[in-house]
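# Summary of structural features
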Amino acid sequence: MTIRTILEFPNPVLRQKAKLITVFNEGLKELVKDMTETMYDAPGIGLAAPQIGECIQLIIVDVAKLEEEQEVMAMLNPRIIGHEGTQIDEEGCLSVIELTANVKRYKKVTVSFQDLEGEPREITAEDRFAVVLQHEIDHLHGILFIDHLSALKRTLYKKKVQKMLAEKKA
Ligand code: NI
C-alpha cells in the first residue's frame, strides 16, 4: 500500500471525465488499497480515483464513519438512479484546500454501481452519506463542490489559490 499524492485545484486532471471501468482485475484492488490508505492519511471520508490522478470511475467511501457498518466501500461506475428531497450541508474536499462551504444536494439518493468483482449493486443513502456519494460521483465528471457555489464565491476562492501559489513560488 502506498499513500498517493492528492491533486489539488486548479490541477486540470481534476476536470477530466473519468473512464468507465470494464476490466475488474487485481490492479484495481491494489488501487483501492492505495486510495484507502491515502484517504485515512489525509484524513477524509471519501475519495475519487481522479483525485490521485487515476481517471477511472472509481470512488471509495468510509462507510464506517457514516453508517457504522463495514469499513471502506469501493464503488465502480457509480450512477445516481434516483433521488428525493434536498438538504444543505457543509462540504470540504481534499482537492480544494482551505475552504468549506454549504452546498445544496439531494437528501436521499439511490446509486447503482459495480463492486470490485464487477457485480452490479445498488445502495440507497440519506443525509451525510448521500452528500458524500454525490460529492464523490461529481469528481468522476470533473465537477468540484466549488462549482455548486455562487460565481462570486468561486472567483474569491480562485484568487485565494492563485495568491497561495504565488507565495509558494516566491
Ligand atoms: Ni472531493
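Presented here is a report on the structure given in the accompanying data block. Everything numeric here is computed off the predicted structure, so don't read it as measured data.

We now examine the overall build of the protein chain. Regarding its fold elements, the protein chain presents four helices and five strands. In the protein chain, the succession of helices and strands from N to C terminus is α-β-β-α-β-β-β-α-α. The C-alpha radius of gyration of the protein chain comes to 16 Å, within 12% of the 15 Å expected for a compact globule of 170 residues. With the C-alpha coordinates of the protein chain rotated into their principal frame, the extents come out at 50 × 40 × 30 Å. Per-residue burial over the protein chain gives 44% buried out of 170 residues. Summed over its atoms, the accessible surface of the protein chain is roughly 9200 Å², and 51% of this surface lies on carbon and sulfur atoms. Mean positive and mean negative side-chain charge positions of the protein chain (22 and 27 charges, respectively) differ by 10 Å.

I59, V61, M75, V111, I123, F129 and L133 are the most contacted members of the largest nonpolar core, which has 18 residues in total. If you list the elements that add at least two residues to this core, you get β2 (58–62), β3 (72–93), β4 (96–114), β5 (120–126) and α3 (127–139). Once you skip the residues sitting within four places of it in the chain, L133 turns out to touch I59, V61, M75, V109, V111, I123 and A125. Ranked by size, the runner-up nonpolar core spans 14 residues in total, among them I6, L28, V32 and L76.

How each quantity is defined
Residues numbered from 1 in each chain as written. Predicted model: local features only at pLDDT ≥ 70, side-chain atom pairs only at ≥ 80, totals over all residues. Heavy atoms only, no water. Helix = DSSP H or I, 4+ residues; strand = E, 2+ residues; numbered from the N terminus. Rg over C-alpha atoms; globule rule 2.2 N^0.38 Å. Buried < 20%, exposed > 50% of the residue type's maximum accessible area, 1.4 Å probe, protein only. Areas by Shrake-Rupley, 256 points an atom, 1.4 Å probe, with all protein chains shown as cover. Lys, Arg positive; Asp, Glu negative; His and termini not counted. Charge placed at Lys NZ, Arg CZ, Asp CG, Glu CD. Core = buried A, V, L, I, M, F, W, Y, C linked by side-chain atoms within 4.5 Å. Contact = heavy atoms within 4.5 Å.

Nothing here speaks to function; it is all geometry.
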